[in-house]
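An overview of the molecular structure
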Amino acid sequence: MRSLISLCVTVLLLDNAERINGQTSEATTLSTDPCFEYTALDNPWRDIRADQHNPNGDDSLVEWSGWYRLYLNGKSAQMSEWCVSEGRCGSFEGLYINGSHPQLEDGVVTREVLGYHPGGQCDAYSSAPIQIKACGDYYVYKLVRPEESLSGSYCAVAFDSISDDPCYNYESLDRPWRATNESGYYICDESFSWNGWYRLFYNGMDIRMPESCVSLYSCNAIRSLWLTSPHPQIEDGVVIREVCGVEDSGCCGRIFFPIRVKACPGNYYVYELVKQFFCASYCIDVNTISPTASITAPAPVSAFDMTLSAATNTDVDPCYDYTILDEHKRSPDDFFNIYDHIHEYDDTRVEWDGWYRFYINGSSAQMPEWCFSHMYCGGFSSLWLDGTHPQLEDGVVTRDVYGGNLEVCRYFRSDPIQVKACPGNYYVYKLVRLNRMIPSPAYCAVVLASPPSFDPCYSYNSLDEPWRANKTSNGEYLYSRCDDGDNWDGWYRLFVNGQSAQMPESCVSFGKCGTYHAMWLNGPHPQLEDGVVTRHVCGSTSRDCCGYTFHPIQLKACPGNYYVYELLRPRYCAAYCAEVTNLTTMYTTAEAIPVTETSVDGDRCSELNCTEDERCEEEHGVYGCFCKDSHNSSQLGSFDFIETCESSSGSMSLSRCLLFEAGFPTDILHLNDPNCRGTVRNGRVEFYFDNNDHICGTSLVANGTHFIYENFILGDSGSGNIISREKYLRIHFSCVYPQTQSLSMDINPLESIVHSNLPAGQGTYQVRMIPYQDAEFSHPFTGSVNVELSKNIFVEVRVDGVDSSQFVSVIDTCWATPVNDPHYSLRWDLIVDMCPSPNDKVELLQNGVSTSSRFSFSMFIFTENSTKVYLHCTMHLCLLSDNHCSVNCDSEQHGREGRSVDIHDSTSISIGPLMWFDSSKGEQLPNQVQGSRAPSLCASLMMLLISMSVLISF
């Protein structure tokens, strides 16, 4: 009977405990020791890491009785020893103990209970004290009712158990941008995935978290995190350390979640980093850098599975020997809210090896050619390709890689990569380890839209929203409109109040079109015969008309004088603009309309849209816009030509009516590239080029003092089958810039920087390959390198930035190819094993005696119908102190005698194209068009710089 009564009492106690504020209770054993007689208290909302309020989280309403053991989701927990800010633990006033927990030998101790004031003060409230006892690896608490004025709740925190020693089971974290002397990015660690223990490095060297206050906005963070107490000793084992965040209110303006720390043999530390709340970032203290790490950091891990082995043989075509990289979160279209995303990628951790081909969910993809802000493509810094992709005939080209922040497209710059176009309409990339100063960078990949299987001119959605008009301010509506929340589906035709419209082709001011970032078309609309084309889309910002670039869209010109667009969801709060005032007609660039028996004069002229200064008339069977007023002779001869040069771009405009009266309708006019035609605006024909993706056959030359962009406006009136078949228009124009201003103009020579971590410090040197016209090496080529066949060309490979008393440069090999690919199968050797090739008459003038090596050869062409020659060389640095640098090419065994065994560093360098010249006709043959692609623009600088790391030994 006594046992039955005890059982009933126990059941009643358990049932009563289950009714206390939704808490579950569990009496384990009946004993006088509270370590074995406690109530289990498992409320997930008590977690200091839980970011939500709980309406039941007021412990002043609970009838507390006896001892309690804390759990969180079944995991053993303990009360917090540090200040907890508002909104945690299920109430505004999170309660924590003042002091540390006791040890086993301390028995039952009493601790003060404190609370956080919502105004921002720790220790602002003091509640009734409680008793605590250590029970091995857990604690029990004799909880009491808190002060009623507090409305607070007891806070709990759970720590994972250590399965292995974290000193040998950690992930290396080498993020130099976290240093206390870095600032500017405002990175939030709440967006990163944290999982376990980390050892901190700074460019391969050991470093620690700071133990004292750091400056506001240091470590590229808004709130810079540091430890509030010293690091432990080895004998301390794993310890808990509080983390403070610097704010305007002070060095410890906000208390963050604590972390665990352990001192390890070898004088380094490991940290169990956890996801923090608010926007904050862990710091590393540059004053604690240890140059020599006794234990090597674990090797970086690959972020993907290799499905095809990487190319290791340089003779193998990378188009058929590459690694497949298929990760859907690399697509910027899979974008996310900046505060909710957990980063997937950090490409500084990947051991890139060879060539790669991108896929997105099984579909072939490519790197984007337009910029993104941060927080896309699965990383913090989203990287894109600067410039257009190459053509098949270009071979392997080099492109810069950039990443943007919230407002600047080119905020980050990493090392360039190599790209090659492959048969089958895809590209391969030789990816490289990214600069570790870039926060969590990730190469982006996009799948470009394919042409539709149907005609979108007859299957589209009508979009008539007056607020999209390009002259409508976002202030005219209650709120700004944004297209990023719409699910765009297919093709659209634009209207404004029932009137057919088109996207603008020029800058639309920030705040227009009823939105913040007005989106406009960066390029002309197509003609009927062009079919479906792709155009880039710009978004205006307060600083720049094209401050944002968006995913390109497809569009098509349709019969009936309208356009259709395949609209896509944009990033940010942006909206597509519609323009009514400058409707494009089917004859915008044709301007001359053949007369038929059924045509009506009024209808024909209305379609031409002649301006007030023009008149519509018929001549020779066609209608066109003639000039109303007479013009002086200079206007007639130059067609009232107006030119504007800015940075590395230029625009030209001519009078439409003067051109038409001279027999040149605008549909026959184009730049060197026939695809670059003019656009008619307000009676003028405008042409445009730039040095990015709208080169239009522009050539870049240098005369020693200036860079010069040159192009032509061309037109054959006979080709248009109107007015005249004999006239030919050829208008030369150029944009000239002082060479000293080249750094501000996107005129960048090919540059590659390889960093090495060296014990004695890091330096750089540059390798230049310069072609000269004379044997004295006094007159370098200043423009395109045009050389007559059999004439000598003189080449110098020069190293700058090294101590000439210690180093000399040695050319190992030089060879030529007909395309810009050093690995091309067809090649002609000039220098082999540091000596002239026996198959050619090459004169090695200087090699292995100074920091400059020189040679000459006779100009030739390949018989593969090519007028271009690309020259490539490999070289190395040699230490003079070892007396093994000079090259003896007279000996039959020069290969064994001359080869230096003291190579410090080696690299390769290329120039081209070198073009042969027919002096009898005074021109290059056959039909050489200079600078039709970006690689040629860069190559015409004649100087390719390669920066390498170098250790200066004394």
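A brief report on the enclosed structure follows. (Residues numbered from 1 in each chain as written. Predicted model: local features only at pLDDT ≥ 70, side-chain atom pairs only at ≥ 80, totals over all residues. Heavy atoms only, no water.)

In terms of helices and strands, the protein chain carries six helices and 58 strands. Here the protein chain, with 954 residues, has 52% of them falling under the buried criterion. Once local pairs closer than 6 in sequence are excluded, the contacts in the protein chain between residues at least 24 apart make up 67%. Total accessible area on the protein chain is roughly 42700 Å²; 47% of this is exposed by carbon and sulfur atoms. (Helix = DSSP H or I, 4+ residues; strand = E, 2+ residues; numbered from the N terminus. Buried < 20%, exposed > 50% of the residue type's maximum accessible area, 1.4 Å probe, protein only. Contact = heavy atoms within 4.5 Å. Areas by Shrake-Rupley, 256 points an atom, 1.4 Å probe, with all protein chains shown as cover.)

Before going further, it helps to examine the nonpolar core. Note on soluble globular proteins: their nonpolar side chains tend to be buried together. In terms of nonpolar packing, the biggest core is built from 44 residues, with Ile259, Tyr271, Leu273 and Tyr282 touching the most fellow members. No other element matches strand E16 (residues 250–264), which puts six residues into this core. Excluding anything up to four places from it in sequence, Tyr271 contacts Gly196, Trp197, Tyr198, Leu200, Arg208, Met209, Leu227, His231, Ile259, Arg260 and Val261. In this structure, Trp370, Tyr402, Ile553 and Ala557 belong to the second largest nonpolar core, which totals 35 residues. (Core = buried A, V, L, I, M, F, W, Y, C linked by side-chain atoms within 4.5 Å.)

Before going further, it helps to spend a moment on the sheet that holds strand E41 (residues 679–681). The four strands lie next to each other as E39-E40-E42-E41, forming an open sheet whose pairing is antiparallel. One side of each edge strand has no neighbouring strand; the edge strands of this open sheet are strand E39 (642–646) and E41. Recorded for the sheet is a direction-independent mean angle of 25° between the axes of neighbouring strands. (Pairing = 2+ DSSP bridges. Axes fitted to C-alpha atoms, helices over the stretch in contact; angles between N-to-C directions.)

Another aspect to go through is the packing of aromatic side chains. A complete count under the given rule lists 20 aromatic pairs for this structure. Plain terms: the ring middles of Phe777 and Phe794 are 6.0 Å apart, the flat faces sit at 75° to each other, and that makes the pair edge-to-face. In this pair, Phe777 is assigned in the loop between strand E47 (763–772) and strand E48 (785–788) and Phe794 in strand E49 (residues 792–800), connecting sequence segments 17 residues apart. You'll find Phe777 and Phe794 in the same group, each marked buried. The structure contains a cluster of three or more aromatic residues connected by ring pairs, namely Phe855, Phe857, Phe860 and Phe862. For the cation-ring pair, Arg69 lies above Tyr138, with the distance from its terminal atom to the ring centre recorded as 3.7 Å. We note Arg854 situated over the ring of Phe777; from NZ or CZ to the ring centre the distance is 4.3 Å. (Phe/Tyr/Trp six-rings, centres within 6.5 Å; stacked < 30°, edge-to-face > 60°. Lys NZ or Arg CZ within 6 Å of the ring centre and 35° of its normal.)

Moving on to unusual backbone geometry. As a rule of thumb, non-glycine residues mostly have phi less than zero, and peptide bonds are mostly trans rather than cis. Phi angles above zero are rare outside glycine, and Tyr217 is one such case at about 65°. Looking at the element boundaries, Tyr217 is found in the loop between strand E13 (205–208) and strand E14 (224–227). The phi torsion at Asn561 lies on the positive side, around 65°, for a residue other than glycine. Residue position: Asn561 is located in the loop between strand E33 (548–558) and strand E34 (562–566). Relative accessible area serves as the criterion here: at 31%, Asn561 is assigned to the partly exposed category.

This part is about the pattern of salt bridges. By the definition in use, this model includes 24 salt bridges. Across the pair Lys556 and Asp455 runs a salt bridge, and its minimum N-O distance is 2.9 Å. Of the two residues, Lys556 sits in strand E33 while Asp455 sits in the loop between strand E27 (441–443) and strand E28 (461–464), which places them 101 residues apart along the sequence. Residue Asp455 is classed as partly exposed on the basis of its relative accessible area, which comes to 32%. In this structure, a network of salt bridges that share partners links the residues Glu327, Arg330 and Asp347. (Salt bridge = Lys/Arg side-chain N within 4 Å of Asp/Glu carboxyl O.)

Evaluation of the coordinates by the stated rule reveals 20 disulfides. In this model, Cys89 is linked to Cys155 through a disulfide, with the two sulfur atoms separated by 2.0 Å. Here the S-S torsion is close to 115°, and the disulfide linking Cys89 with Cys155 is therefore right-handed. Pair noted here: Cys89 is in the loop between strand E4 (78–79) and strand E5 (93–98) and Cys155 is in the loop between strand E9 (152–154) and strand E10 (156–157), with a separation of 66 residues, a long-range link. Per residue, the accessibility class of Cys89 equals that of Cys155, and both read buried. Note on cysteine connectivity: Cys814 is disulfide-linked to Cys873, with sulfurs 2.0 Å apart. Here the disulfide of Cys814 and Cys873 is right-handed, its torsion about the S-S bond being about 110°. (Disulfide = S-S within 2.5 Å.)

Right, let's get into the pairing of strand E8 (residues 139–142). Sheet analysis places strand E7 (residues 125–134) next to E8, joined by four bridges and oriented antiparallel. Counted as the bridge partner of Ala134 is Tyr139 from E8.

So, on to the side chain of Thr698. Its location among the elements puts Thr698 in the loop between strand E42 (684–690) and strand E43 (699–702). Among the polar contacts listed, one links the side chain of Thr698 to the backbone oxygen of Ile695, at a separation of 2.6 Å. (Polar contact = N/O pair within 3.5 Å; in protein donor to acceptor, adjacent residues only side chain to side chain.)

All right, on to the environment of Arg827 then. Checked against the element boundaries, Arg827 lands in the loop between strand E50 (807–817) and strand E51 (828–832). Measuring from C-alpha to C-alpha, the distance between Arg827 and Tyr870 comes to 9.7 Å, with 43 residues separating the pair along the chain. Among all residues touching Arg827, those that are not within four sequence positions of it are Trp815, Ala816, Thr817 and Phe862. A polar atom in the side chain of Arg827 sits 2.9 Å from the side chain of Asp829.

Turning our eyes to something else, we now look at a nonpolar patch on the surface. A surface patch of nonpolar side chains, about 330 Å² in accessible area, is lined by Tyr186, Leu216, Tyr217 and Ile222. With respect to the secondary-structure elements, Leu216 resides in the loop between E13 and E14. (Patch = residues over 30% accessible without salt bridge, like charges linked within 9 Å, V, L, I, M, F, W, Y side chains within 5 Å.)

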